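# Architecture at a glance
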Amino acid sequence: MPASERIPARSVTVSDTDLLTRGELAVQGRIREASNAVLLCRVTHEGREASCVYKPVAGERPLWDFPDGNLARREVAAYEVSEALGWNLVPPTVLRDGPYGEGMCQLWIDQPEEPSEGGELLALVEGEEPGDGWKAVGLAEVGEGRTALLVHADDVRLRRLAVLDAVINNGDRKGGHLLVDAEGRLFGIDHGVTFNTEDKLRTLLWGWAGEPLTAEMTEALKALTSALGAGEPLALRLAELITEAELDAVRARVDGLLASGKHREPSGEWPAIPWPPV
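Described below are features of the structure shown in this document. (Residues numbered from 1 in each chain as written. Predicted model: local features only at pLDDT ≥ 70, side-chain atom pairs only at ≥ 80, totals over all residues. Heavy atoms only, no water.)

## What about the pattern of salt bridges?
Two side chains bearing opposite charge may form a pair once their charged atoms approach each other closely. What the rule picks out here adds up to 21 salt bridges. Note that glutamate 49 is salt-bridged to arginine 42, the shortest N-O span being 3.4 Å. A relative accessible area of 44% places glutamate 49 in the partly exposed class. A relative accessible area of 18% means that arginine 42 is categorised as buried. Where lysine 200 meets aspartate 65, a salt bridge forms, and the shortest distance between an N and an O atom there is 3.3 Å. (Salt bridge = Lys/Arg side-chain N within 4 Å of Asp/Glu carboxyl O. Buried < 20%, exposed > 50% of the residue type's maximum accessible area, 1.4 Å probe, protein only.)

Structure follows, in structure tokens:
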């Protein structure tokens, strides 16, 4: 039975991090499509229960370009930054001990089988223009020597996610990492390859590249700058999860976004689009 058929839809609440941290984990199965060990679990505590994903550090494959820390801690750090921005774009995520040692534990986001009308986030279209309501990413090969224009929705939820990815230096924002729950809330998942000190930004969300940041985004980034100040709770928490150099790089990326007032553009020194894109 597919995992999605075993897990009922549920709403995300502020107490979910407490449940994930203190609850008892029971492994239900493994999500085999993932490159690292990803276990589907049930977490229960004092009459509450939820489905979650548990990624033990012991199941991580080493990466040549991420020598510091581990992927689980980066996933938790991405959640902390998302919360600080006030956009709640990453499902509740904690670091905890589990059946196979320390790992990341993240609330499962159930998705409806069919997206709501007008709810598509990515598409391939004919022609050279994206059309109303869409932003162009670039041309993609679709077989037999044909190409189509890859586009994403001109959606404020995705736009916020593009800013978050620029802050955390996300090296792998694929289409399959975008989830929309039954209530229409967008979540980004799989943030293991983030927070590198070198520019690693790879994403499908380039449609706003070079465009001015909105006033809302500028205010959120200013608030994040304050939260990243020495001795602030967020800075102290991130210092437990990533290296000092990586934390300084986060501050520098936020300062860079505010100084330019614009969305990030590809650096030209690193592949801009992840592979595979979905």
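The rest of the description comes next.
## Quick look at the packing of helix α4 (residues 156-168) against helix α7 (residues 244-260)
For any two helices packed against each other, the geometry comes down to the angle between their axes and how far apart the axes lie. Here α4 crosses α7 at 135 degrees, and the two axes come no closer than 8 Å. The angle between α4 and α7 falls in the class oblique. From α4, Ala166, Val167 and Ile168 reach across to α7, where they touch Val250, Arg253, Val254 and Leu257. (Axes fitted to C-alpha atoms, helices over the stretch in contact; angles between N-to-C directions. Helix = DSSP H or I, 4+ residues; strand = E, 2+ residues; numbered from the N terminus. Parallel < 35°, antiparallel > 145°, perpendicular 65-115°, else oblique. Contact = heavy atoms within 4.5 Å.)

## Observations regarding the side chain of arginine 253
With respect to the helices and strands, the residue arginine 253 is situated in helix α7. In this structure the side chain of arginine 253 is engaged in a polar contact, spanning 2.6 Å, whose partner is the backbone oxygen of valine 167. Beyond its immediate chain neighbours, meaning those up to four positions away, arginine 253 contacts Ala166, Val167, Ile168, Asn169, Phe195 and Asn196. (Polar contact = N/O pair within 3.5 Å; in protein donor to acceptor, adjacent residues only side chain to side chain.)

## What to know about the nonpolar core
Val81 and Val167 are the most contacted members of the largest nonpolar core, which has 41 residues in total. Looking at this core, the elements with two or more residues in it are α3 (71-85), α4, α5 (215-227), α6 (233-239) and α7. Here the element with the most residues in this core is α4; it accounts for 8 residues. Setting aside anything within four residues of it in sequence, one finds valine 167 in contact with Val81, Leu221, Leu224, Val250, Arg253, Val254 and Leu257. Core analysis: the second largest hydrophobic core is formed by 12 residues, Leu19, Leu39, Cys52 and Tyr54 among them. (Core = buried A, V, L, I, M, F, W, Y, C linked by side-chain atoms within 4.5 Å.)

## Some details on unusual backbone geometry
Unusually for a residue other than glycine, glutamate 46 sits at a positive phi of about 50 degrees. For glutamate 46, the location among the structural elements is in the loop between β2 (39-45) and β3 (48-56). One non-glycine residue with positive phi stands out, namely asparagine 169, at about 60 degrees. Assignment of secondary structure puts asparagine 169 in the loop between α4 and β9 (178-180). With relative accessibility at 1%, the residue asparagine 169 sits in the buried group.

## Brief notes about the layout of surface pockets
There is about 1,200 Å³ of room inside the largest pocket. Of all elements in the fold, only α1 (3-6), β3, α3 and β5 (101-107) reach the threshold of two or more residues within the lining of the largest pocket. No other element matches α3, which puts 3 residues into the lining of the largest pocket. Tallied by class, residues from the lining of the largest pocket come to 20 nonpolar, 10 polar and 12 charged. (1 Å grid on protein atoms, 1.4 Å probe; cavity = no way out; pocket = protein on both sides within 12 Å on 5 of 7 lines; lining within 4 Å. Points joined across faces, edges and corners; volume = space filled by probe spheres on them. Nonpolar A, V, L, I, M, F, W, Y, C, P; charged D, E, K, R; others polar.)

## Observations concerning the sheet that holds β2
One open sheet holds the 5 strands; their spatial order is β1-β2-β3-β5-β4, and the pairing between them is antiparallel. If you trace the sheet from one side to the other, it starts and ends with β1 (24-30) and β4 (93-98), each paired once. Within the sheet, the average angular offset between the axes of one strand and its neighbour, ignoring direction, is 40 degrees. As paired strands, β4 and β5 are joined by 6 bridges and run antiparallel to one another. Its bridge partner being in β5, threonine 93 is matched across the sheet by glutamine 106. The strands touched by α3 within the sheet are β3, β4 and β5, with β4 carrying the most contacts at an inclination of about 150 degrees. (Pairing = 2+ DSSP bridges.)

## Overview of the pairing of β3
The element β3 is extensively covered by neighbouring structure, given that 7 of its 9 residues are classed as buried. Relative to β5, β3 runs antiparallel, the two being bridged by 5 bridges. Note that in β5 the partner of valine 53 across the bridge is glutamine 106.

## What to know about α3
Along its 15 residues, α3 runs 21 Å from first to last C-alpha, staying within 8% of the 21 Å computed at 1.5 Å per residue. Across the 15 residues that make up α3, a large majority, 11, are buried. Every buried residue of α3 is listed here: Leu71, Ala72, Arg74, Glu75, Val76, Ala77, Ala78, Tyr79, Val81, Ser82 and Leu85. With a side-chain oxygen lying 3.2 Å from the backbone nitrogen of alanine 72, the N-terminal cap of α3 falls on asparagine 70. (Expected span 1.5 Å × (residues − 1).)

Shape descriptors only; they carry no functional weight alone.
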